[in-house]
Amino acid sequence: MKSISDHWDTLFSEKEDCELGWYESDVSRTMELLEHIDGWKNKTIFLPGAGTSILVEELLSHGPQLILNDISNEALHRLKQKLADDNHRTFWLCQDIAQTIQQKIPDIDIWIDRAVLHFLTDEKDIQGYFNNIRSRLKIGGYGIFAEFSTTGAEKCAGLTLHRYSVEELSHRLGDDFQLVCNFDHIFINPRGDERPYIYTLFKRIKA
Ligand SMILES: C[S@@+](CC[C@H](N)C(=O)[O-])C[C@H]1O[C@@H](n2cnc3c(N)ncnc32)[C@H](O)[C@@H]1O
């Protein structure tokens, strides 16, 4: 059986970015949430499962330092090639984000997840993901989570999903986090199908 990293490597190596089922040419919904965060352009932003998203180039054009994670070496390789010389404010972390981050990286001000957390379906993996947030995100920092909503499709990229409500995200983050705002968004995938997401912004208020 293929490992999960092989699964993603294959998807990335077989298609152009714009053919990938989750490809978005407009990242304005994420940018809207960032605008709630004072001084975000000077912060350290962590992107779990960054893939080859154009969000990376959009963020870099505004000045923050980025930590770019993915389980797929192929995705990170392609992303590095796309950034070419524009990669001096980037750290790279190729690992399963459900596993404890061991690598030395800067403390994180803002964690931005689009369409990654919902691929973790084992409770142990989900807890591992949230443990990384708790150990790496600064107090006063923010988390943006854009995931398939409970009314969304049950599968993506050939994998079964754990879909989210705002209530479940709030519960999993616990009392240390406060919901700042949230909205529903219908993403239209490259095949023209509707994919309902929830977008949420949380602030870490204590340890
Ligand atoms: C649906 S894509 C989303 C990519 C990007 N966030 C975007 O919005 O375009 C999911 C991404 O998460 C990565 N991924 C999946 N499981 C992961 C895991 N356990 N740890 C880290 N990355 C993972 C995949 O390789 C892929 O790049």
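The shown structure was predicted, so the numbers you read here are calculated from the model rather than taken from an experiment. (Residues numbered from 1 in each chain as written. Predicted model: local features only at pLDDT ≥ 70, side-chain atom pairs only at ≥ 80, totals over all residues. Heavy atoms only, no water.)

### Description of the overall build of the protein
Piece 1. Tallying secondary structure elements over the protein gives six helices and nine strands in all.
Piece 2. Seen through its C-alpha atoms, the protein measures out along the principal axes to roughly 45 × 40 × 30 Å.
Piece 3. Here the protein, with 207 residues, has 52% of them falling under the buried criterion.
Piece 4. The contacts in the protein between residues at least 6 apart in sequence include a share of 67% that link residues at least 24 apart.
Piece 5. Of the accessible surface of the protein, which amounts to about 10,000 Å², a share of 46% is contributed by carbon and sulfur atoms. (Helix = DSSP H or I, 4+ residues; strand = E, 2+ residues; numbered from the N terminus. Buried < 20%, exposed > 50% of the residue type's maximum accessible area, 1.4 Å probe, protein only. Contact = heavy atoms within 4.5 Å. Areas by Shrake-Rupley, 256 points an atom, 1.4 Å probe, with all protein chains shown as cover.)

### What to know about the pattern of salt bridges
Piece 1. As enumerated under the stated definition, the model contains nine salt bridges in all.
Piece 2. Among the ionic pairs, Asp 17 bridges to Lys 82, the shortest N-O distance being 3.7 Å. On the criterion of sequence distance, the pair formed by Asp 17 in the loop between α1 (4-14) and α2 (28-34) and Lys 82 in helix α4 (residues 73-83) is long-range, its members being 65 residues apart.
Piece 3. Among the residues examined, Lys 82 registers a relative accessible area of 32% and is labelled partly exposed.
Piece 4. Measuring nitrogen to oxygen at the nearest pair gives 2.8 Å for the salt bridge that ties Asp 109 to Lys 138. With Asp 109 in strand β4 (residues 108-114) and Lys 138 in strand β5 (residues 137-148), the pair connects residues that are 29 residues apart, well separated along the chain.
Piece 5. Linked through salt bridges whose partners overlap, the residues forming this network are Asp 17, Glu 57, Arg 78 and Lys 82. (Salt bridge = Lys/Arg side-chain N within 4 Å of Asp/Glu carboxyl O.)

### Considering the site of the ligand
Piece 1. The ligand sits among 19 residues. The nearest are Gly 49, Asp 70, Asp 96, Ile 97 and Arg 114.
Piece 2. Between a nitrogen atom of the ligand and a main-chain N or O atom of Ile 71, the distance comes to 3.2 Å.
Piece 3. At a separation of 2.9 Å, a nitrogen atom of the ligand approaches a polar backbone atom of Ile 97.
Piece 4. When isolated, the ligand has an accessible area of 590 Å², and the protein chains bury 96% of it.
Piece 5. For the shell around the ligand, the elements supplying multiple residues, two or more each, are α1 and β2 (65-70).
Piece 6. Tallied by class, residues from the shell around the ligand come to ten nonpolar, six polar and three charged. (Near = heavy atom within 4 Å. Polar contact = N/O pair within 3.5 Å; in protein donor to acceptor, adjacent residues only side chain to side chain. Nonpolar A, V, L, I, M, F, W, Y, C, P; charged D, E, K, R; others polar.)

### Observations concerning helix α5 (residues 123-136)
Piece 1. The terminal C-alpha atoms of α5 lie 20 Å apart, and with 14 residues this matches the ideal 20 Å at 1.5 Å per residue to within 8%.
Piece 2. Buried residues of α5: Asp 125, Ile 126, Gly 128, Tyr 129, Phe 130, Asn 132, Ile 133 and Arg 136, and no others.
Piece 3. Turning to α5, the residues buried within the fold contact β4, β5, α6 (166-173), β8 (177-188) and β9 (194-204). (Expected span 1.5 Å × (residues − 1).)

### A word on unusual backbone geometry
Piece 1. Look at Ala 115: it is not a glycine, yet its phi comes out positive at around 65°.
Piece 2. Secondary-structure assignment places Ala 115 in the loop between β4 and α5.
Piece 3. Ala 115 sits in the buried class, given a relative accessible area of 11%.
Piece 4. Of note in the backbone geometry, Ala 157 takes a positive phi value of approximately 55° without being a glycine.
Piece 5. Structurally, the position occupied by Ala 157 is in the loop between β6 (155-156) and β7 (159-160).

### What to know about the packing of aromatic side chains
By convention here, two paired aromatic rings are described through the distance between centres and the angle between planes.
Piece 1. On inspection of all chains with the given rule, the structure shows eleven aromatic pairs.
Piece 2. The interplanar angle of 85° and the centroid separation of 5.5 Å between the aromatic rings of Trp 111 and Tyr 129 together place this pair among those described as edge-to-face. Of this pair, Trp 111 sits in strand β4 while Tyr 129 is found in helix α5, placing the two residues 18 residues apart along the sequence.
Piece 3. Residue classification places Trp 111 among the buried positions, given a relative accessible area of 0%.
Piece 4. Look at Phe 183 and Tyr 199: their rings are 5.2 Å apart centre to centre, the planes differ by 10°, and that puts the pair in the stacked class. Note that Phe 183 is positioned in strand β8 and Tyr 199 in strand β9, a separation of 16 residues in sequence.
Piece 5. Among the residues examined, Tyr 199 registers a relative accessible area of 1% and is labelled buried.
Piece 6. Grouping aromatic residues by their ring pairs yields a cluster made of Phe 148, Phe 183, Phe 187, Tyr 197 and Tyr 199.
Piece 7. The cationic tip of Arg 29 hangs over the ring face of Phe 183; the distance from NZ or CZ to the ring centre is 4.1 Å.
Piece 8. We note Lys 80 situated over the ring of Trp 92; from NZ or CZ to the ring centre the distance is 4.9 Å. (Phe/Tyr/Trp six-rings, centres within 6.5 Å; stacked < 30°, edge-to-face > 60°. Lys NZ or Arg CZ within 6 Å of the ring centre and 35° of its normal.)

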